[in-house]
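Architecture and fold: a report
Next come the chains, spelled out residue by residue.
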There are 2 protein chains.
Amino acid sequence: MRYARCARDEREFFAIVEDQDVVEIDGAPWEGPTTSAGARHPLASITLLPPVMPRTFYAAGFNYKAHNRHHEELGYDPVKVGTHPEVGYRAQSALVGHGCAIVKPVDVEGRFETEAEVVAVIGRTLRHATRDEAKAAVFGWTIGNDVSAREWQHADRTFWRSKNADTFKPMGPWIETDVDPLQSTTTVRRNGVVDASFATGDMIFDPYDFLVEMTKYITVHPGDVLWMGADGNTPMAVGDVIDIEISGIGTLTNTVAGEVAGETERTQR
Amino acid sequence: MRYARCARDEREFFAIVEDQDVVEIDGAPWEGPTTSAGARHPLASITLLPPVMPRTFYAAGFNYKAHNRHHEELGYDPVKVGTHPEVGYRAQSALVGHGCAIVKPVDVEGRFETEAEVVAVIGRTLRHATRDEAKAAVFGWTIGNDVSAREWQHADRTFWRSKNADTFKPMGPWIETDVDPLQSTTTVRRNGVVDASFATGDMIFDPYDFLVEMTKYITVHPGDVLWMGADGNTPMAVGDVIDIEISGIGTLTNTVAGEVAGETERTQR
């Protein structure tokens, strides 16, 4: 099943995606059984929002070996990959949906890049989880673009603006429940041309490794998201169209726009 | 005015704190004018929740000179304090209210400490703010305890468990709107004995400096919180009672409990 978070006529609602339509449901999809009895709208008539606004926004970093080699080849300090997964955090304020512009701030210089990530959407409260409990607690999967401004990433003490500026976290287009993304392929296209392609499951620690480790100390809640890290970086320039396709989930598409000083618009909902 | 977020009889609501009572209001206090026409309850009959569950949880780090000197005296690398404020993030999942236990995980070793922080609660949407706009957008002030497990803080790549384990972010007891905390004094008491006392306003960058810089890149939303960093560290042991008093705001009190393996309880709401 595919679930989207939608905006239409100033209203926001969750919906089941059926072919070229969406069908409204009550509440959030992970809160209980859903039926197709709600109002039906053409997919083309609604705006796709980030499929969930998480309470806590978790992100794995440095979770693909090839990505880490690339990082070192560029002359950065080797990444400390420990013997257990260590999660990080991103900002809710940076989330935008499928179709929204990624706005490049006027003062970003140097490498401005896409990182294509599969995202686990949590459906159950989880603490001290076993691997089986962690598997059962993932409601479904979506796609994230961990947009990164590399000069800021390496110059600043934190990732506050390098990875968390407005519009730097596109997520969508929807949540797919019937897929095993560890068997999927992630493909990044820049203006229709494939720039990167890798096995989505080629992670150092998989989502269940993370959830087992995280929940030793942290309660994970329904609606939380866990971004799984990326293999490869795709450069982006103003005017580009970036597609991230993960087989079995869908394609997250965003354009890259330049910020116009004094005219920053808000696109988030 | 003082505003609290309360739980009573399985319900949650915002309320005005009047002397020894709370008076229910509709919605969140920053959403519009509030009146004292709602149901009245004795303060002693309600549970004080974290006064807001922020969409995005911002935290300043290394924002008091004396704190940074202490950090270096302990042999850690000097902190890179830049020419502009750099914000960080904490996890919503770690928030608990006044009166809740801080649960020390079974495997925490070494220094386990309180950092006493004043917290700005945002009341308006803010982007590209001037200093005056930043001042006008702060709805009120509360108190936070940035509980820190130092061995994890220095051993791990991220602050995921050192500062974001469950119960590691007490916040409360309420939001005070009629105070200038830059003129306040922060006092930390361990089991009734003063352990630290400092001028709350003795920051490297003040809250408005942060908001001006943050909103160059980030939209800040009503209900977001900005923790302002701490001067000093107070050690904590299981059984301790920790009070953080900020003059003009109130006192945040939490006890320290030991985690019992296999019996972790959830206290967050």
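Below is a short write-up of the structure.

The rules behind the values
Residues numbered from 1 in each chain as written. Chains lettered and ligands numbered in written order. Predicted model: local features only at pLDDT ≥ 70, side-chain atom pairs only at ≥ 80, totals over all residues. Heavy atoms only, no water. Least-squares fit on C-alpha atoms with pLDDT ≥ 70 in both. Phe/Tyr/Trp six-rings, centres within 6.5 Å; stacked < 30°, edge-to-face > 60°. Helix = DSSP H or I, 4+ residues; strand = E, 2+ residues; numbered from the N terminus. Contact = heavy atoms within 4.5 Å. Buried area = accessible area lost by both parts, 1.4 Å probe. Salt bridge = Lys/Arg side-chain N within 4 Å of Asp/Glu carboxyl O. Polar contact = N/O pair within 3.5 Å; in protein donor to acceptor, adjacent residues only side chain to side chain. Nonpolar A, V, L, I, M, F, W, Y, C, P; charged D, E, K, R; others polar. Pairing = 2+ DSSP bridges. Axes fitted to C-alpha atoms, helices over the stretch in contact; angles between N-to-C directions.

Here the focus is the relation of the copies chain A and chain B. Note on the identical chains: chain A maps onto chain B by a rotation of 180° and an axial translation of 0.0 Å, with an RMSD of 0.0 Å. On the angle and the small slide along the axis, the relation comes out as a two-fold axis.

All chains considered together, the criterion is met by 22 aromatic pairs over all chains. Relative to W152 of chain B, the ring of Y217 of chain A has its centre 4.8 Å away and its plane inclined at 65°; by these criteria the two rings are edge-to-face. You can see Y217 of chain A sitting in the loop between α4 (207–214) and β17 (225–227) and its partner W152 of chain B sitting in helix α3 (residues 150–155), one on each of two chains. Ring plane angle 45° and centroid distance 5.3 Å describe the contact between Y58 of chain B and Y89 of chain B, whose orientation is recorded as tilted.

So, about the interface of chain A and chain B. Facing the 42 residues of chain A at the interface are 42 residues of chain B. Summing the contributions of chain A and of chain B, the shared interface buries around 3,600 Å²; its carbon and sulfur component is 51%. The largest contributions to the chain A side of the interface with chain B come from R157, W160 and Y217 of chain A, which together make up 25% of the buried area. The interface formed by chain A and chain B includes 2 salt bridges. Note that D166 of chain A is salt-bridged to R127 of chain B, the shortest N-O span being 2.7 Å. Taken together, the connections running from chain A to chain B amount to 24 residue pairs in polar contact (both at pLDDT 80 or more). Elements represented by at least two residues in the side of chain A that touches chain B include exactly β7 (87–89), α3 (150–155) and α4 of chain A. The residue makeup of the side of chain A that touches chain B, split by class, is 16 nonpolar, 14 polar and 12 charged.

The subject of this paragraph is the pairing of strand β19 (residues 241–246) of chain B. Residues and elements named next belong to chain B. Examined bridge by bridge, strand β15 (residues 185–190) and β19 share 5 bridges and lie antiparallel to one another. Residue R190 lies in a different strand from β19, and its bridge partner there is I242. Two successive antiparallel strands, β19 and strand β20 (residues 250–258), enclose a turn made up of 3 residues, where G248 displays a positive phi of approximately 90°.

Glancing now at the sheet that holds strand β9 (residues 101–104) of chain A. Residues and elements named next belong to chain A. With respect to topology, 5 strands assemble into an open sheet ordered β9-β20-β19-β15-β16, the strand pairing being mixed. Among the strands making up the open sheet, the edge pair consists of β9 and β16 (193–199). Direction aside, neighbouring strands of the sheet carry axes that sit 20° apart on average. Here strand β15 (residues 185–190) runs beside β16; their pairing, made up of 6 bridges, is antiparallel. Pairing of T185 across the sheet is with A199, part of β16.

By themselves these figures say nothing about function.
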